[in-house]
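Coordinate inspection notes
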Amino acid sequence: MYAFNYHRPSSIAEAVKLLKASSDGRCLAGGMSLIPTMKHRLASAADLIDLNGIRELAFIRREGDALVIGALARHVEIADSADVKKSIPALAALAASVGDPQVRNRGTFCGSLCFADPAADCPAGLVGLNGTVITDKRRIAADKFFNGLYETTLEKGEIVTGVSFPIPEKAGWAKFANLASRFAIAAVMVAKTGGGVRVAVTGAKASVFRVPEMEAALAKNFSAAALDGIKISPDGMNNDLHGDPDYRAHLVSVMAKRAVQAATA
Amino acid sequence: MYVGQPIRRREDFRFLTGRGTFVDDVQLTQPILHAAFVRSPHAHARIKAIRTDAARKMPGVHTVLTGADWLKAGYGEAEGVWPVNDRSGKPARTVNRPFICVDNMVRCVGEIVAMVVADDRHQALDACEAIEVDYEALPANVVTAKALDKGTPLVHPKFGTNEVLESYHGNPEVVEAGFKKAHHITKLEVPTNRVTASPIEPRAYMGHYDVMNDRYTVWTTAQAPHIVRQYFTKSLRIDEHKLRVIAPDVGGGFGMKLYHYPEEPLALWGAIVTEHPVKWTGTRSECLMGDTHARDHYTVGEMAFDKDGKILAMRFKTLAAFGAYESQWQASITNAYHFTMLSLAYDIPGIFTEVKGVYTNCTPVDAYRGAGRPETVYQVERLIENGAKEMGMDPFVLREKNAIRPEKIPYTTAIGITYDSGDPPELFRKMRVLAKYDALREEQKKLHAQGICMGIGICGFFDMAGAGPVKMMNDLGAKIGCYDVASVRVHPSGKVTVFAGSHSHGQAHATTWTQIAADRLGIDIEEIDLVEGDTDRVPFGIGTWGSRSLSTAGMAVVAACDRVIEKAKKLAAHMLECAPSDLVIENGQFIVKGTDKKIAFAEVTNAAYHSGDRPKGLEIGLEETAFYDPTDCTYPSAVHLCVVIVDPETGRVTLRDYFAVDDVGRVINPMVFEGQVHGGCAQGIGQALMEECAYDPSSGQYLSGTFMDYAIPHSTDIPSFGIESHTTLTPSNPLGAKGGGESGTIGAPACIANGVIDAIWHLGVRQISQPMTPKKIWHALQSAKAGR
Ligand SMILES: Cc1cc2nc3c(=O)[nH]c(=O)nc-3n(C[C@H](O)[C@H](O)[C@H](O)COP(=O)(O)OP(=O)(O)OC[C@H]3O[C@@H](n4cnc5c(N)ncnc54)[C@H](O)[C@@H]3O)c2cc1C
């Protein structure tokens with residue numbers, strides 16, 4: 001690790017101030033992505049602003065028609081939350097499929113969104129469920145949040161305070177995990193909402209993406225069989241030790257069907 | 001009796017409460033400096049310049065050292081303890097693994113180019129980044145199968161070839177005849193994947209030079225501390241009486257921690273230069289890259305069967321990767337442990353193998369739990385499995401048919417090794433019952449009909465464990481004497497300290513050695529402690545590896561205890577006025593047989609030191625050392641069986657059941673033994689399904705540098721094991737104990753591979769190289785579907 005200054009604010013306002021004052025400041029949530037990256041010397045920060053002292057960020061609650069998750073809600077809390085299990089069980093399933101118990105005990109859903117790892121699960125949750133990212137100054141729609149590999153549309157000094165999800169009619173999560181990291185090689189969140197069907201894929205490309213052909217087919221007939229015959233192109237799919245484009249393209253189809261099955265089970 | 005009881009591991013309290021003392025935990029009164037290294041990012045490159053000036057001026061930096069400094073200091077090399085010996089008589093093409101690059105050539109990723117010693121590791125790493133190295137990247141050779149092809153870059157051009165050694169074994173005439181009269185021949189490419197042990201504790205070293213006393217100390221993550229001390233006589237040219245090597249708690253070694261890794265002498269060198277203790281603890285990435293890798297055999301084999309499924313002969317050609325340099329024990333695989341065990345548990349008249357060792361621009365390969373035998377079992381068992389299927393025979397029955405019958409034991413294999421004990425047909429019989437084999441085949445039929453790809457994998461083998469005897473191992477190429485040693489020091493109070501030349505790095509010697517000693521001495525186990533891992537306290541021992549500790553050091557404990565008892569009996573007999581032969585020991589007492597006359601063990605031991613009234617000529621004190629050279633290796637045997645489910649849509653394998661029936665002779669502690677089988681199987685499962693040290697074939701880049709890419713099994717990947725023993729005693733040691741440390745890693749890769757192929761044979765798949773990852777299985781299914 002490179003040397004850095006450590007801060008532990010107790011309010012969002014204080015955190016924003018610290019972040020603005022720093023030439024190169026970064027938020028620290030669960031640290032499950034940031035700390036390993038810093039240990040590998042692939043990331044550095046002049047100031048590390050630890051959000052864990054801001055208790056108002058640690059919540060999961062129903063707000064009318066929406067489920068809102070605070071920036072300090074850990075994966076394990078989402079997986080175990082009665083509110084989440086009742087309103088969006090697929091989101092609880094997603095959270096339960098992240099990494100291992102140690103990672104789930106510390107890592108946060110919002111931290112994962114901010115990191116925008118191409119293989120992370122949470123981005124597919126945000127996009128598939130058509131969530132809205134809430135920051136200290138605005139609300140960002142799911143489709144506008146990610147900006148390619150490890151990139152988001154967050155501005156410098158902007159802090160995510162939570163994420164809000166409309167309650168879908170049905171939703172399903174299916175993940176094919178990398179045997180080493182347990183991140184997604186391909187994972188799919190499928191949701192049927194008032195506003196239509198959404199199919200969001202993560203792990204397969206540089207960033208989360210939607211599959212319009214599948215969405216159209218499912219809008220007509222929300223069943224796994226509706227996806228038969230829809231070919232996913234391997235173009236632009238990631239190629240690494242664990243999966244080549246052909247394999248990933250195939251997995252997207254399989255996972256999409258399984259997600260629909262989970263949603264309709 | 002303690003032997004045979006599942007006594008709780010005496011060492012676990014400190015381990016389970018996080019209070020073991022590993023190298024990284026060792027504290028000294030002086031401040032400890034930290035070493036960090038600049039490593040080659042290239043698989044093959046020429047170094048044109050190294051600039052260290054900026055680094056030297058960085059905060060906290062004490063020294064920066066390079067290969068030029070090493071040469072100036074006049075230091076030496078890491079010489080093999082099991083050096084290459086070309087059996088066809090050519091001179092050995094040895095290039096020892098360098099500690100630091102001394103010839104401006106780097107030949108594998110991770111090779112050390114410079115060392116920084118600083119007040120803390122972060123400063124040392126900062127300074128490493130300030131060192132500039134100009135590399136001229138060269139084409140690399142990282143594919144074992146192609147290492148000898150024309151046009152493949154040479155790792156060491158001075159030899160004009162990448163071949164290190166060549167050896168042939170077996171009875172070619174019988175093989176020739178067998179193939180001639182074969183009813184069926186099966187041929188397969190059966191490579192084994194390059195993996196690494198990845199123990200929970202990374203390698204770590206701390207060196208210290210005490211100027212006042214002119215004494216050196218090294219704390220090291222080692223399995224054989226005396227061998228480490230001996231390495232230092234060649235590397236830093238330190239005399240053995242000047243160096244103390246301490247291997248404290250070590251968190252797993254698996255063979256991988258036997259070698260004189262570069263960081264070991266470099267840490268002590270840093271300490272000598274700075275006159276401060278210097279420590280290095282490897283990061284996981286440094287270890288995945290720099291720990292010796294293992295296996296990496298490219299093998300092609302053929303097996304000849306008669307019409308009843310009897311195996312007539314088999315032959316193999318193997319290219320065995322050495323990596324960029326010869327690691328110190330590498331030839332123990334190619335020249336000793338690989339070819340010797342080819343007959344497995346079967347009566348096979350003709351066996352022939354040709355092995356060529358090859359250099360590649362990869363991390364050096366050396367022994368890892370099983371060392372050569374996982375490769376052997378895999379290559380033979382895959383042929384048996386496919387042969388049985390091609391001939392339409394039940395693979396279990398075909399194996400039973402070929403199993404060595406007990407009346408043929410001692411059985412000398414076509415390779416020339418003699419199995420001294422065992423009963424393979426009985427192992428198969430027990431497995432049939434344990435796994436409910438017939439019911440499994442019925443279930444398989446049903447599941448296949450429903451489209452569920454269930455497979456049953458089987459393998460059976462003999463292991464060669466317990467290295468020595470000294471002479472036999474010398475003949476197989478060892479330059480170290482494969483005996484071991486124990487001292488039993490009985491204190492005046494009757495309490496006992498046992499010193500052993502073995503080293504426990506997970507094997508629970510503090511439990512099992514004291515179980516043995518307590519029985520032998522007739523006292524309570526709580527009255528005995530064990531000391532290992534310190535060259536200043538323990539007589540010269542050979543350490544723990546190759547499932548050898550029980551049948552060497554454990555037997556030295558037996559022998560030393562017996563000598564203690566023989567002497568104590570003389571004294572006790574004198575005190576009780578009887579003959580030594582009238583005495584028995586029980587519950588801490590010497591009792592005159594058939595009488596109520598007795599004397600406490602502690603009274604006799606007190607007299608041994610403090611009483612002038614002793615038999616004439618009996619020396620004062622009660623302490624004995626035994627150096628034990630066994631009469632033979634030991635030959636444990638086993639049959640493994642697994643049930644897998646393959647998801648044909650994703651290629652994912654679920655391991656549903658795993659059974660093992662092992663014959664390891666006398667079991668000292670069944671719980672410890674089962675733990676050894678569980679752990680070994682877990683590692684074998686990793687080899688079969690997910691582990692791989694992968695290099696990019698064109699750039700030579702190392703792709704498995706973190707656990708995000710190098711996959712080791714999680715607890716959730718491992719089923720509950722069904723384990724049974726069948727005991728035949730070996731005549732080669734007094735307890736009849738064989739070795740139980742490696743059965744899992746040896747059997748599991750073959751067993752699981754056979755299971756996976758069995759699950760999808762009906763879909764046309766015949767072979768998939770390991771690791772059988774979902775991606776590879778899915779592609780194999782696509783190829784089979786397309787009729788390719
Ligand atoms: C072994 C392992 C396995 C894993 N497996 C998976 C997996 O299977 N699936 C998966 O999805 N993830 C996985 N992860 C990652 C895990 O989900 C992380 O928790 C998550 O990616 C980041 O959340 P965090 O709270 O730890 O964020 P941190 O690591 O603390 O931060 C990540 C980044 O987000 C920024 N950030 C964090 N919070 C905020 C905020 N409120 N506002 C603005 N910026 C913020 C930080 O500055 C940093 O740049 C794994 C991690 C590990 C170590």
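To continue, consider the domain arrangement of chain B. As a measure of interface size, the accessible area lost when the parts come together is often cited. All names here are of chain B. Domain boundaries in chain B define domain 1 (12–138 + 198–290), domain 2 (293–467 + 632–787) and domain 3 (484–628). Here the C-alpha centre of domain 3 lies 39 Å away from the C-alpha centre of domain 1. Each side of the interface is counted separately: domain 1 has 23 residues, and domain 3 has 16 residues. Per-residue buried area on domain 1 facing domain 3 is highest for Gln-223, His-226 and Arg-244; these three make up 39% of the total on that side. Here domain 1 is connected to domain 3 by 3 salt bridges. We note a salt bridge from Arg-244 to Asp-534, for which the minimum N-O separation is 2.6 Å. Put simply, domain 1 and domain 3 have 12 residue pairs in polar contact (both at pLDDT 80 or more) between them. Every element with two or more residues in the side of domain 1 that touches domain 3 is listed here: α6 (225–234) and β12 (243–246). Taken together, the residues of the side of domain 1 that touches domain 3 break down into 13 nonpolar, 6 polar and 4 charged.

Turning our attention to the site of the ligand. Residues and elements named next belong to chain A. As a matter of local geometry, the ligand sits amid 31 residues, with Cys-27, Gly-31, Thr-108, Asp-121 and Arg-182 nearest to it. In this structure, an oxygen atom belonging to the ligand sits 3.0 Å away from a side-chain N or O atom of Arg-26. Interatomic distance of 2.9 Å between a side-chain N/O atom of Lys-175 and an oxygen atom of the ligand. Considered on its own, the ligand offers 960 Å² of accessible surface; in the complex 92% of this is hidden by protein. Only β2 (25–28) and α7 (109–115) provide two or more residues apiece to the shell around the ligand. Of the residues assigned to the shell around the ligand, the class counts are 16 nonpolar, 10 polar and 5 charged.

With that settled, the discussion passes to the layout of surface pockets. Residues and elements named next belong to chain B. Computed from the structure, the second largest pocket encloses a volume of approximately 920 Å³. For the second largest pocket, the lining is made up of 34 residues, of which Glu-692, Cys-693, Ala-694, Gln-770 and Lys-776 are closest to its centre. When contributions to the lining of the second largest pocket are tallied by element, the ones reaching two or more residues are β9 (192–196), β14 (293–305) and α20 (774–785). When the residues that make up the lining of the second largest pocket are grouped by side-chain class, the tally is 18 nonpolar, 9 polar and 7 charged.

All names here are of chain B. With mixed pairing, the 4 strands of this open sheet are ordered in space as β19-β27-β28-β29. One side of each edge strand has no neighbouring strand; the edge strands of this open sheet are β19 (453–462) and β29 (721–725). Recorded for the sheet is a direction-independent mean angle of 10 degrees between the axes of neighbouring strands. The pairing of β19 with strand β27 (residues 637–646) spans 10 bridges and is antiparallel. Residue pairing across strands places Phe-461 opposite Ala-638, the latter belonging to β27. On the sheet, helix α19 (residues 743–760) packs against β19, β27 and β28 (653–663) and is oriented at approximately 145 degrees with respect to β19.

Counting residues at the interface gives 28 residues for chain B and 24 residues for chain A. In total, about 2,200 Å² of surface goes out of reach between chain B and chain A, with carbon and sulfur atoms giving 55% of it. Linking chain B to chain A there are 5 salt bridges. Two residues, Glu-649 of chain B and Arg-258 of chain A, come together in a salt bridge whose shortest N-O distance is 2.8 Å. In this structure, the connection of chain B to chain A is made through 15 residue pairs in polar contact (both at pLDDT 80 or more). Residue assignment for the side of chain B that touches chain A shows that the elements contributing at least two residues are α4 (121–129) and α20 of chain B. For the side of chain B that touches chain A, the residue count by class is 12 nonpolar, 8 polar and 8 charged.

All names here are of chain B. For helix α13 (residues 437–449), with 13 residues, the first-to-last C-alpha span of 19 Å sits near the 18 Å given by 1.5 Å per residue. Among all positions in α13, only Tyr-437, Leu-440, Arg-441, Gln-444 and Leu-447 are buried. Along the axis of α13, the buried residues cluster in a sector spanning 125 degrees; they form a single face. In α13, the exposed positions that point more than 90 degrees away from the buried face belong to Lys-445, Lys-446 and Ala-449. Looking at the buried residues of α13, the elements they touch are α11 (395–402), α12 (424–434), β19, β27, β28 and α19. Within two residues after α13, Gly-451 carries a phi angle of roughly 85 degrees, on the positive side.

All names here are of chain B. Helix α16 (residues 550–576) packs onto helix α15 (residues 509–521) with a crossing angle of 25 degrees between their chain directions and a minimal axis gap of 9 Å. Here α15 lies roughly parallel to α16, going by the angle between them. You can see that α15 and α16 cross each other, and the crossing is right-handed. Residue-level inspection shows Trp-513, Ile-516, Ala-517, Arg-520 and Leu-521 of α15 in contact with α16, the latter providing Leu-550, Ala-553, Gly-554, Val-557, Val-558, Cys-561, Asp-562, Val-564 and Ile-565. The residue makeup of the contact of α15 with α16, split by class, is 11 nonpolar, 1 polar and 2 charged.

Residues and elements named next belong to chain B. A sheet is described by the order of its strands in space; here 4 strands give the open sequence β22-β21-β20-β26, paired in mixed fashion. Only two strands of the sheet have a single partner each, and these edge strands are β22 (528–531) and β26 (623–628). Averaged over all pairs of adjacent strands, the angle between strand axes in this sheet comes to 15 degrees, irrespective of strand direction. Across 5 bridges, strand β20 (residues 484–490) lies against strand β21 (residues 496–500) in antiparallel orientation. By the bridge assignment for β21, Arg-489 is matched with Thr-497.

Looking now at unusual backbone geometry. Residue and element names in this part refer to chain B. The amide bond that connects Ile-409 to the next residue, Pro-410, takes the cis arrangement and shows omega of 5 degrees. Between Gly-468 and Pro-469 the backbone carries a cis peptide bond, its omega angle lying at 5 degrees. The residue Pro-469 is located in the loop between β19 and α14 (470–475) in this model. Within the chain, Glu-577 stands out as a residue other than glycine whose phi angle is a positive 55 degrees. A positive phi angle is found at Asn-587, which is not glycine, with a value near 45 degrees. Structurally, Asn-587 can be placed in the loop between β23 (583–586) and β24 (589–592). A relative accessible area of 73% means that Asn-587 is categorised as exposed.

Right, let's talk about the pattern of salt bridges for a bit. Residue and element names in this part refer to chain B. Tallied over the entire structure, the rule returns 64 salt bridges over all chains. In this structure, the salt-bridge partner of Asp-536 is Arg-244, at a minimum N-O distance of 3.8 Å. Within this pair, whereas Asp-536 is found in the loop between β22 and α16, its partner Arg-244 is found in strand β12, the two being separated by 292 residues in sequence. Between Glu-385 and Arg-399 there is a salt bridge, with its nearest N and O atoms 3.0 Å apart. With a gap of 14 residues between them, Glu-385 in helix α10 (residues 373–390) and Arg-399 in helix α11 connect regions that are remote in the sequence. By relative accessible area, which is 0% here, Glu-385 ends up buried. Judged by relative accessible area, which is 0%, Arg-399 ranks as buried.

So, on to the environment of Leu-258 of chain B. Residue and element names in this part refer to chain B. Within the secondary structure, Leu-258 sits in the loop between β12 and α7 (263–274). Considering only alpha carbons, one finds Leu-258 and Ala-222, 36 residues apart in sequence, at a separation of 5.9 Å. Look past the residues within four positions of Leu-258 in its chain and what remains in contact with it is Gln-223, Ala-224, Tyr-231, Trp-329, Thr-544 and Trp-545.

Our focus in this paragraph is the packing of aromatic side chains. Residues and elements named next belong to chain B. Taken as a whole, this structure holds 32 aromatic pairs over all chains when the rule is applied. Taken together, a centroid distance of 5.3 Å and an interplanar angle of 55 degrees make the contact between Trp-70 and Phe-99 tilted. Separated by 29 residues along the polypeptide, Trp-70 in helix α3 (residues 67–73) and Phe-99 in the loop between α3 and β4 (105–106) bring together distant segments of the chain. With respect to burial, Trp-70 and Phe-99 carry one shared label: buried. Ring geometry for Phe-396 and Phe-428: centres 5.6 Å apart, planes at 85 degrees, overall edge-to-face.

Cut-off values and rules
Residues numbered from 1 in each chain as written. Chains lettered and ligands numbered in written order. Predicted model: local features only at pLDDT ≥ 70, side-chain atom pairs only at ≥ 80, totals over all residues. Heavy atoms only, no water. Domains from an automatic or database assignment. Contact = heavy atoms within 4.5 Å. Buried area = accessible area lost by both parts, 1.4 Å probe. Salt bridge = Lys/Arg side-chain N within 4 Å of Asp/Glu carboxyl O. Polar contact = N/O pair within 3.5 Å; in protein donor to acceptor, adjacent residues only side chain to side chain. Helix = DSSP H or I, 4+ residues; strand = E, 2+ residues; numbered from the N terminus. Nonpolar A, V, L, I, M, F, W, Y, C, P; charged D, E, K, R; others polar. Near = heavy atom within 4 Å. Areas by Shrake-Rupley, 256 points an atom, 1.4 Å probe, with all protein chains shown as cover. 1 Å grid on protein atoms, 1.4 Å probe; cavity = no way out; pocket = protein on both sides within 12 Å on 5 of 7 lines; lining within 4 Å. Points joined across faces, edges and corners; volume = space filled by probe spheres on them. Pairing = 2+ DSSP bridges. Axes fitted to C-alpha atoms, helices over the stretch in contact; angles between N-to-C directions. Expected span 1.5 Å × (residues − 1). Buried < 20%, exposed > 50% of the residue type's maximum accessible area, 1.4 Å probe, protein only. Arc of directions from axis to C-beta. Parallel < 35°, antiparallel > 145°, perpendicular 65-115°, else oblique. Left-handed = near helix turned anticlockwise from the far one by under 90°. Phe/Tyr/Trp six-rings, centres within 6.5 Å; stacked < 30°, edge-to-face > 60°.

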